[in-house]
Amino acid sequence: MNRTRVKICGFRDAAAVEAAVEAGADALGFNFNPPSPRAVTLAEAAELARAVPPWVARVALLVGADEPAIRAAAEALETRCVQLYGPWSPELLSRLGDLEVILAVPARAARTLADLGADVEHAAALL
């Protein structure tokens with residue numbers, strides 16, 4: 001039997017992190033997209049990540065980020081898992097080969113999974 005994994009995103013305080021962990025979340029997403037009201041800074045994310053037990057994955061969510069920003073977010077969370085919202089390039093994704101990259105593909109986009117081509121080669125998962 002397959003088990004559904006649950007990832008909850010948008011954490012800004014320790015109480016919410018604790019509640020998600022107690023509820024059995026498999027992964028917690030931390031938003032690094034400043035226009036979002038759920039966005040956190042690197043320092044805030046690092047502090048919140050300290051409350052996440054090792055069996056719960058920490059995921060850095062970034063929008064249109066460059067490689068230094070992606071790596072800084074992953075380092076702040078002490079994680080290898082990043083969730084990227086475009087735009088991205090196959091070249092960027094290949095440079096991130098040491099990270100587990102979840103590519104977020106908007107359902108409304110004109111692209112199909114087949115159109116993703118080389119991008120998919122470097123993705124651990126698609127969202």
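Residues numbered from 1 in each chain as written. Predicted model: local features only at pLDDT ≥ 70, side-chain atom pairs only at ≥ 80, totals over all residues. Heavy atoms only, no water.

**Some remarks on the overall build of the protein chain**
Secondary structure assignment for the protein chain yields six helices and six strands. Reading the secondary structure of the protein chain in the N-to-C direction produces β-α-β-α-β-α-β-α-β-α-α-β. Expressed as a percentage of the 127 residues in the protein chain, the buried residues total 40%. Of all intrachain contacts in the protein chain linking residues separated by at least 6 positions in sequence, the fraction that spans at least 24 positions is 43%. When the accessible surface of the protein chain is totalled, it reaches about 7,400 Å², and 56% of it is carbon and sulfur. (Helix = DSSP H or I, 4+ residues; strand = E, 2+ residues; numbered from the N terminus. Buried < 20%, exposed > 50% of the residue type's maximum accessible area, 1.4 Å probe, protein only. Contact = heavy atoms within 4.5 Å. Areas by Shrake-Rupley, 256 points an atom, 1.4 Å probe, with all protein chains shown as cover.)

**Things to note about the packing of aromatic side chains**
One pass over the full model with this rule turns up one aromatic pair. Both rings, one in Phe 11 and one in Phe 30, keep their centres 5.9 Å apart while their planes meet at 45 degrees; by these two values the pair is tilted. A residue pair is termed long-range when its members are at least 10 positions apart, and Phe 11 in the loop between strand 1 (7-9) and helix 1 (14-22) and Phe 30 in strand 2 (residues 27-31) qualify at 19 residues. Residue Phe 11 is classed as buried on the basis of its relative accessible area of 5%. A residue is classified by how much of its surface remains accessible, and Phe 30, at 0% relative accessible area, is buried. (Phe/Tyr/Trp six-rings, centres within 6.5 Å; stacked < 30°, edge-to-face > 60°.)

**Concerning the sheet that holds strand 4 (residues 81-85)**
A sheet is described by the order of its strands in space; here six strands give the open sequence 1-2-3-4-5-6, paired in parallel fashion. Looking at strand neighbours, the two that pair on one side only are strand 1 and strand 6 (125-126), the edges of this open sheet. Where strand 2 and strand 3 (residues 57-63) come together, five bridges link them in parallel fashion. Bridge assignment links Ala 27 to a residue of strand 3, and that residue is Ala 57. (Pairing = 2+ DSSP bridges.)

**With respect to the environment of Glu 67**
Along the polypeptide, Glu 67 turns up in helix 3 (residues 67-77). Along the primary structure Glu 67 and Leu 96 are separated by 29 residues, whereas in three dimensions their C-alpha atoms are 7.7 Å apart. In contact with Glu 67, not counting residues within four places along its chain, are Leu 92, Arg 95 and Leu 96.

**Quick look at the packing of helix 2 (residues 42-49) against helix 3**
The description of two helices packed together rests on the angle between their axes and the distance between the axes. Contact pair helix 2 / helix 3: the axes reach a minimum separation of 7 Å and the direction vectors enclose 30 degrees. Classed by the angle they form, the pair helix 2 and helix 3 counts as roughly parallel. The segment helix 2 lies against helix 3, with Leu 42, Ala 45, Ala 46 and Ala 49 engaging Ala 72, Ala 73, Ala 76 and Leu 77. Here the residues of the contact of helix 2 with helix 3 sort into eight nonpolar, no polar and no charged. (Axes fitted to C-alpha atoms, helices over the stretch in contact; angles between N-to-C directions. Parallel < 35°, antiparallel > 145°, perpendicular 65-115°, else oblique. Nonpolar A, V, L, I, M, F, W, Y, C, P; charged D, E, K, R; others polar.)

**A closer look at the environment of Val 40**
Here Val 40 lies in the loop between strand 2 and helix 2. Accessibility expressed as a relative area gives 8% for Val 40, which makes it buried. For Val 40 and Asp 13, which are 27 residues apart along the polypeptide, the C-alpha to C-alpha distance reads 9.7 Å. Excluding anything up to four places from it in sequence, Val 40 contacts Phe 11, Arg 12, Phe 30, Asn 31, Phe 32, Ala 45 and Leu 48.

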